[in-house]
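Residue-level structure breakdown
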Amino acid sequence: MKEVEIGPIPLDRLAALLSPERAERLLTEAGAVQKVMDGRTLWCVNATATGGGVAEMLLALLAYAHGAGIESRWLVLDGDPEFFSITKRIHNHLHGSLGDGGPLGPAQQAHFTEVLQRNAELLRKYIKPGDAVLLHDPQTAGLVDTVLDAEAFAVWRCHVGRDEQDEVTDLAWDFLRPHLERTQAFVFSREGYAPSWVPQDRLMLIPPSLDPFTAKNAELSPADVDAALLRAGLVETPPDSGSLTFIRRDGSSGEVRPHQGLIQTGGKVPVGARYVMQVSRWDRLKDMPGVLKAFTDAIDAMPPDVHVLLVGPDTDGVTDDPEGAEVLAECMELWRTLPDEVRRRSHLVCLPMDDTDENAHLVNALQRRASVVVQKSIVEGFGLTVTEPMWKGRPVVASAVGGINDQIVHGESGLLVQDPHDLSTFAGLIADVLSDEEYARTLGTGARARVRDLFLGDRHLVQWAEVLQRLKDL
Ligand code: UDP
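Worth saying up front: this structure is predicted, and the values here are computed from it rather than measured.

Definitions and limits used
Residues numbered from 1 in each chain as written. Predicted model: local features only at pLDDT ≥ 70, side-chain atom pairs only at ≥ 80, totals over all residues. Heavy atoms only, no water. Helix = DSSP H or I, 4+ residues; strand = E, 2+ residues; numbered from the N terminus. Expected span 1.5 Å × (residues − 1). Buried < 20%, exposed > 50% of the residue type's maximum accessible area, 1.4 Å probe, protein only. Arc of directions from axis to C-beta. Contact = heavy atoms within 4.5 Å. Pairing = 2+ DSSP bridges. Axes fitted to C-alpha atoms, helices over the stretch in contact; angles between N-to-C directions. Salt bridge = Lys/Arg side-chain N within 4 Å of Asp/Glu carboxyl O. Parallel < 35°, antiparallel > 145°, perpendicular 65-115°, else oblique. Left-handed = near helix turned anticlockwise from the far one by under 90°. Nonpolar A, V, L, I, M, F, W, Y, C, P; charged D, E, K, R; others polar. Polar contact = N/O pair within 3.5 Å; in protein donor to acceptor, adjacent residues only side chain to side chain.

1. Thoughts on helix α10 (residues 324-336)
Side chains three or four residues apart in an α-helix point the same way, a direct result of the helix having 3.6 residues per turn. Given a rise of 1.5 Å per residue, 13 residues ought to cover 18 Å, and the 19 Å separating the end C-alpha atoms of α10 matches this to within 8%. Among all positions of α10, only Gly 324, Val 327, Leu 328, Cys 331, Met 332 and Trp 335 are buried. Angularly, the buried residues of α10 cover 140° about the axis, an arc narrow enough to put them on a single face. Packed against the buried residues of α10 are β10 (263-265), α9 (288-297), β12 (306-313), α11 (340-343) and β13 (346-351).

Below, the structure written as structure tokens:
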């Protein structure tokens, strides 16, 4: 188990973006929770410090909690490849997919428990009675008893799920349930994601949020965007005077490094070209190949200056996601089957994971430069990759699945495709947005307003404050 350092961020910074009523509510709740947590520590435990939406959110939320005077610490558990392939299988099952098709039987249960026992020994040394420990996602489920035995409070926060439970999701829940029976509070992103055995009085619903000030979401001028993408070797832009600097989580500044070889196929995006993009982990359920296929099958309907970009992390850098290299290879294989002129307009990109802040800055620049952002997930817990471009005023075309339904109001704050397998409808909606600037602008404006109203950190922090205040009554 490793600790990730968290620097404090003052709540005032977030409050400055909000209406006076919202700012006051945030500061009042923070004051109340600070009293409750006095002398106690707020712990978050999850499986990775980089890559994916959970790490993204923890970075910001813990920093604000720390800034509000609550002692907040973050631990990342250790596992071996076998452990992560079991937990990835559980993750896929919770989304209704069999994943690699392997079993979730007694042998997997034994290995899962053994790895978590090793982590539990370390966790025990960190926590003290009265602390609140937020355990994130299936990987941490086996730590509940350790937390309770230490007389701390155990909250299990599950970020994944699907609205309909079936025999596949039941397999994962049967695996996890024995570990979770004693959990004092369960937090899910949507009501349908909770299995029926979770007691209603211990169930809380908290959708995710984004932080407007991280390197991922901070404002950038078009010149800064161009400078970053040119330096990273992603997009050819005319030389200009944009800044290469970004602010790191710890407040220091960084500079985009020159990179070679981030583009796996298709060369750099040429000067002046527009692009449609999906940024995701290389996870089968994000359906990166489907994005490539939807775009390239309909290439004749796309304006000739438009390219497609599939962007994901360098697959060596994400230890808790063993599926990544396979999915990337499948995309490369599909790309190879395309005619030359289509290949030139289709780019697969792997972003470096050795510097989380630079990675975030590059995602920021890519999202801002995109003409349309796509999220063609087959299932999706929430989808920060939808929230992020929405906040940047980009038009988003996404599958109407899971938490994406909470984010996009079709025709107002983006476009939804009801059947995530319907490639031609996807392509048709993308082409509509690309060919009508006014339409694109209207969807982008609606998107930003929707995120401002519902998905900024203050709402999220206030809800967590409510959870922490309830714990004291347990
Ligand atoms: N992400 C990133 N670099 C990448 C790919 C993804 O920083 O190369 C980020 C993305 O911007 C988002 C998060 O990973 O913040 C993905 O979160 P989401 O909720 O969309 O899905 P998850 O990966 O948690 O299933």
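2. A closer look at the sheet that holds strand β7 (residues 203-205)
Strand order across the open sheet formed by seven strands is β1-β3-β2-β4-β5-β6-β7, with mixed pairing between neighbours. Each having just a single partner strand, β1 (2-4) and β7 make up the two edges of the open sheet. Sheet twist, expressed as the average angle between the axes of neighbouring strands with direction ignored, equals 25°. Strands in contact with helix α7 (residues 167-180) are β5 (153-158) and β6 (185-188); relative to β5, the strand with the most contacts, it is inclined by about 160°. Where helix α17 (residues 457-471) meets the sheet, it contacts β2 (41-46), β4 (132-136), β5, β6 and β7, and its direction lies at approximately 150° from that of β5.

3. Looking at the pattern of salt bridges
Counted by the stated rule, this structure contains 36 salt bridges. A salt bridge links Arg 448 to Glu 219; the shortest N-O distance between them is 3.6 Å. With Arg 448 in helix α16 (residues 437-454) and Glu 219 in the loop between β7 and α8 (222-231), the pair connects residues that are 229 residues apart, well separated along the chain. For Arg 448, a relative accessible area of 30% corresponds to the partly exposed category. Judged by its relative accessible area of 54%, Glu 219 is exposed. A salt bridge links Asp 283 to Arg 281; its shortest N-O distance comes to 3.3 Å. Overall, Asp 283 belongs to the buried group, its relative accessible area being 2%. If you follow the salt bridges from partner to partner, you end up with Lys 88, Arg 281, Asp 283 and Glu 323 in one network.

4. Topic: unusual backbone geometry
Backbone geometry at Asp 137 places phi at a positive 70°, although glycine is not the residue there. A positive phi angle is found at Glu 151, which is not glycine, with a value near 60°. Exposure remark for Glu 151: the relative accessible area of 59% places this residue in the exposed category.

5. Focus: the packing of helix α3 (residues 53-67) against α17
Interhelical geometry of α3 versus α17 gives an angle of 65° and a closest axis separation of 11 Å. One finds that α3 runs roughly perpendicular with respect to α17. Considering only the axes of α3 and α17, their crossing is right-handed. In this structure, α3 contributes Met 57, Leu 61 and Tyr 64 to the contact, and α17 contributes His 460, Leu 461 and Trp 464. Here the contact of α3 with α17 is composed, by residue class, of five nonpolar, one polar and no charged.

6. What about the environment of Gly 192?
Turning to its location among the elements, Gly 192 is positioned in the loop between β6 and β7. Taking the C-alpha atoms as reference, Gly 192 lies 27 Å from Pro 395; in sequence the two are 203 residues apart. Residue contacts for Gly 192: discarding those within four places in its chain leaves Arg 162, Asp 163 and Gln 165.

7. What to know about the environment of Glu 3
Following the sequence through the fold, Glu 3 ends up in strand β1. As a C-alpha pair, Glu 3 and Ala 49 span 46 residues in sequence and 9.3 Å in three-dimensional space. Not counting residues within four places of it along the chain, the set of residues in contact with Glu 3 comprises Arg 73, Trp 74, Leu 75 and Tyr 126. Reaching out from Glu 3, the side chain makes a polar contact with the side chain of Arg 73 at a distance of 2.8 Å.

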